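Inside the fold
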Amino acid sequence: MSEQHDHAHGSAGHHHAHEHPHHPSPAGLGHRLRHLLTPHSHETADKLDSALESSARGMRALWVSLAVLGVTAVAQACVVVVSGSVALLGDTVHNTADALTAVPLGIAFVLGRRAATRRFTYGYGRAEDLAGIAIVLTIAASAAFAGWTAVERLLHPRPVAYVPAVAVAALVGFAGNEWVARYRIRVGREIGSAALVADGLHARTDGFTSLAVLLGAGGSALGWRLADPVVGLAITAAIVLVLRDAAREVLRRVMDAVDPALVDRAERALREVAGVRAVGELRLRWIGHRLRAEVAVVVDGEATVRQAHAITVDAEHALLHAVPRLTAALVHADPAPVPGEADPHLRLAHHATA
C-alpha cells in the first residue's frame, strides 16, 4: 500500500510559524573572521516566514541597500573626476555594480510571488538562482575592469590629485558598504536566499577594498606614485576572492545542494513519528529561498489507506516543524516488507536511467 500526501505550508488548516532554537557558535578569532568573510552553508534562521513575507523582506533589503550604495557611488564618482585615482575608480565601479545587482534580484523576488501554473508547476522561485548567476557575472566583470584599469595605470603612472578627498571618499565607501553587507547578509540568511547572501558578500568586499583605497591615498601622499595602481591590483584580488565564494554558493544552489545537517534533522524528525517504521529515500531542494521535501516512509503493511494517510500527514507535519523554511513535503508510504513478498517497486526498475 502506498499513500502520497502533499500540502503547501501555510494552506488551510496548516499554518505554522514556529520558533527554532539558536545553536551557540564558537567565539574564537578565527571563527569570527571566517564568519565575517565567507557564507555559511548551515541554516541559522529562527522563524519560518511565509513566502510572501520572505519576498517582501528581500525586496525591502534590496531597495534600502540600493539607495545607500547609490549615494555612496555618486559621492565617490565626484572625487574620481577631480582626483584621477584609479584605485578609487575601481572601488566606485564595483560599488555601482553592487548597487545594480538589486535589479535582477528584485525581478526574481517579484517573480517568486507568482502562483504556480500548469507550465511552471513549482512556481517561479528558481528565478532567484538565475539572479544569483547574474550577480556572479557582475562581480566577475567588475573584477576584470578594476584589474585592467590598475594594470594600465601601473604601466603609465601619474600622480593622484586631492589626496585628502580620496581618503574621505574611501572612508565613505567603507561605511556604506559595510552597513549594506550586514543588512543583506542578515536578511538573506533569515529568508534563506543564497543570492541575497552572495550580494551581501559582494558589498562586504567593496568595504574592504575601500579601505585599500585609503592605503593607496596614504602612499600617494608620501610620494609613492605606484601606490594607487598597486592598491588597484589588490582590490582586484579581493574581488576575485569574493567571486569564488559567491560562485560556490550560487552554483551549489543551482545544483540543488542542501546542507547535509538538514537531511539529518529531517530524518530524525520522521523516525519519531508514530507509525513510521523506517525512513527511505529523502530529498530536499531549494526553490528560491524556500525548501521542498520528497520522502518515502515505511509503515505497517496491514494498515488501511486511511491509517497510512494519517501517518503521512503526521510525517509532513513533523517535517514542517523540524526543517527551517520548508514549505511543502510529498510523503510516500511504503508497506513494511514480509518474507517471500516481491518488492512492489521492481516493475519500475526498467524505467531507471543509467
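The structure we're discussing is the one just above.
Residues numbered from 1 in each chain as written. Predicted model: local features only at pLDDT ≥ 70, side-chain atom pairs only at ≥ 80, totals over all residues. Heavy atoms only, no water.

1. Brief notes about the overall build of the protein
The condition is simple: Helix numbers and strand numbers start at the N terminus; a helix is a DSSP run of H or I with at least 4 residues, a strand a run of E with at least 2. Only protein chains enter the area calculation, which uses a 1.4 Å probe; residues under 20% of their type maximum are buried, those over 50% are exposed, and those in between are partly exposed. Contacts are assigned to residue pairs that have any heavy atoms within 4.5 Å of one another. Each accessible area is a Shrake-Rupley result for a 1.4 Å probe, and residues are judged covered by the shown protein chains and nothing else.
Counting its regular elements, the protein contains ten helices and four strands. In the protein, the succession of helices and strands from N to C terminus is β-α-α-α-α-α-α-α-α-α-β-β-α-β. Relative to its full complement of 354 residues, the protein shows a buried share of 47%. Taking as baseline every contact in the protein between residues at least 6 positions apart, the subset at least 24 positions apart corresponds to 79%. Surface summary for the protein: the accessible area is close to 17500 Å², and the carbon and sulfur share equals 64%.

2. Let's talk about the pairing of strand 3 (residues 290–299)
Put simply, the rule reads: Strand pairing is defined by DSSP finding a minimum of two bridges between the two strands. Look down the strands so they point away from you; if going from the first strand over the helix to the second traces a clockwise path, that crossover is right-handed.
The buried fraction of strand 3 is high, at eight of ten residues. Taking the residues that link successive antiparallel strands as the turn, the strand 2 (residues 278–287)-strand 3 hairpin has two residues, and the phi of Gly-288 there is positive, at about 70 degrees. Since strand 3 and strand 4 (residues 326–335) lie parallel, the crossover through helix 10 (residues 305–322) that links them has a hand, and here it is right-handed.

3. A look at helix 4 (residues 102–112)
So the rule is basically this: The directions from the helix axis to the C-beta atoms are what the arc is built from.
Buried within helix 4 are the following residues: Ala-102, Leu-105, Gly-106, Ala-108, Phe-109 and Gly-112. Summarising the axial view, the buried residues of helix 4 lie within an arc of 160 degrees, below the 170-degree limit, and thus occupy one face.

4. Notes on the packing of aromatic side chains
We apply this condition: Only centres within 6.5 Å qualify two rings of Phe, Tyr or Trp (six-membered ring in Trp) as a pair; their planes then separate them into stacked at under 30 degrees, edge-to-face at over 60, and tilted for everything else. In our convention, an over-ring charge means Lys NZ or Arg CZ found within 6 Å of a ring centre and within 35 degrees of that ring's normal.
Throughout the structure, instances matching the rule amount to two aromatic pairs. Pairing Phe-120 with Tyr-124 gives two aromatic rings, centres 4.7 Å apart and planes at 35 degrees, and the pair type is tilted. A relative accessible area of 40% places Phe-120 in the partly exposed class. For Tyr-124, a relative accessible area of 15% corresponds to the buried category. Judged by centre distance (5.3 Å) and plane angle (40 degrees), the ring pair of Trp-179 and Tyr-183 falls under tilted. Pair noted here: Trp-179 and Tyr-183 are both in helix 6 (residues 163–191), with a separation of four residues, about one helical turn. Just above the ring of Trp-286 sits the side chain of Arg-253; from NZ or CZ to the centre is 4.1 Å. In this structure, Arg-285 is placed above the aromatic ring of Tyr-122, and the distance from its NZ or CZ to the ring centre is 5.6 Å.

5. What about the packing of helix 4 against helix 5 (residues 127–155)?
Basically, it comes down to this: Working convention: axes come from line fits to C-alpha atoms, limited for helices to the stretch in contact. Angles between N-to-C directions cover 0 to 180 degrees. With respect to orientation, any angle under 35 degrees is reported as roughly parallel, any angle over 145 as roughly antiparallel, any angle of 65 to 115 as roughly perpendicular, and every other angle as oblique. Each residue receives one of three labels: charged for Asp, Glu, Lys and Arg, nonpolar for Ala, Val, Leu, Ile, Met, Phe, Trp, Tyr, Cys and Pro, and polar for the others, Gly being one of them.
As a packed pair, helix 4 and helix 5 sit with axes 8 Å apart at the nearest point and diverge in direction by 175 degrees. Between helix 4 and helix 5, the angle is such that the two are roughly antiparallel. Every residue of helix 5 that contacts helix 4 at Pro-104, Leu-105, Ala-108, Phe-109 and Leu-111 is listed here: Ala-127, Glu-128, Ala-131, Ala-134 and Ile-135. Residues belonging to the contact of helix 4 with helix 5 are distributed by class as follows: nine nonpolar, no polar and one charged.

6. Let's talk about the pattern of salt bridges
Note the cut-off: Whenever Lys or Arg places a side-chain nitrogen within 4 Å of a carboxyl oxygen from Asp or Glu, that contact is recorded as a salt bridge.
The tally for this structure, following the rule as stated, stands at ten salt bridges. Where Arg-252 meets Glu-249, a salt bridge forms, and the shortest distance between an N and an O atom there is 3.6 Å. Here Glu-249 and Arg-252 lie together in helix 8 (residues 227–254), a separation of three residues that amounts to about one turn. Close ionic contact of Glu-267 with Arg-271 constitutes a salt bridge, the shortest N to O distance being 3.8 Å. Placement of both Glu-267 and Arg-271 in helix 9 (residues 260–271) is noted, with a separation of four residues, approximately one turn of the helix.

7. Thoughts on the packing of helix 5 against helix 8
Quick note on the threshold: In this scheme the handedness of a crossing depends on how the near helix is turned from the far one: anticlockwise by less than a right angle means left-handed, clockwise means right-handed.
Look at helix 5 against helix 8: their axes get within 8 Å of each other, and the N-to-C directions meet at 165 degrees. Judged on the interaxial angle alone, helix 8 and helix 5 are roughly antiparallel. The chirality of how helix 5 crosses helix 8 is left-handed. Residues that form the contact of helix 5 with helix 8 fall into these classes: 20 nonpolar, five polar and four charged.

8. Observations regarding the environment of Ala-333
Here Ala-333 is to be found in strand 4. Sequence spacing of Ala-333 and Val-305 is 28 residues, and the spatial spacing of their C-alpha atoms is 9.7 Å.

9. Digging into a nonpolar patch on the surface
Note the following rule: Each patch groups residues whose relative accessible area exceeds 30% and which form no salt bridge, using 9 Å between like charges and 5 Å between nonpolar side chains of Val, Leu, Ile, Met, Phe, Trp and Tyr.
The grouping of Val-151, Leu-154, Leu-155, Trp-224, Leu-226, Val-230 and Leu-233 at the surface amounts to a nonpolar patch, some 580 Å² of accessible area in total. The set of elements that each furnish at least two residues to the nonpolar patch consists of helix 5 and helix 8. As for its position among the elements, Trp-224 is in the loop between helix 7 (194–221) and helix 8.

10. Some points on the environment of Val-254
You can see Val-254 is positioned in helix 8. Assessed through its relative accessible area of 29%, Val-254 is described here as partly exposed. Along the chain, Val-254 and Ile-287 lie 33 residues apart, while their C-alpha atoms are 9.3 Å from each other. Those residues in contact with Val-254, other than ones at most four positions away along the chain, are Arg-126, Asp-129 and Ile-133.

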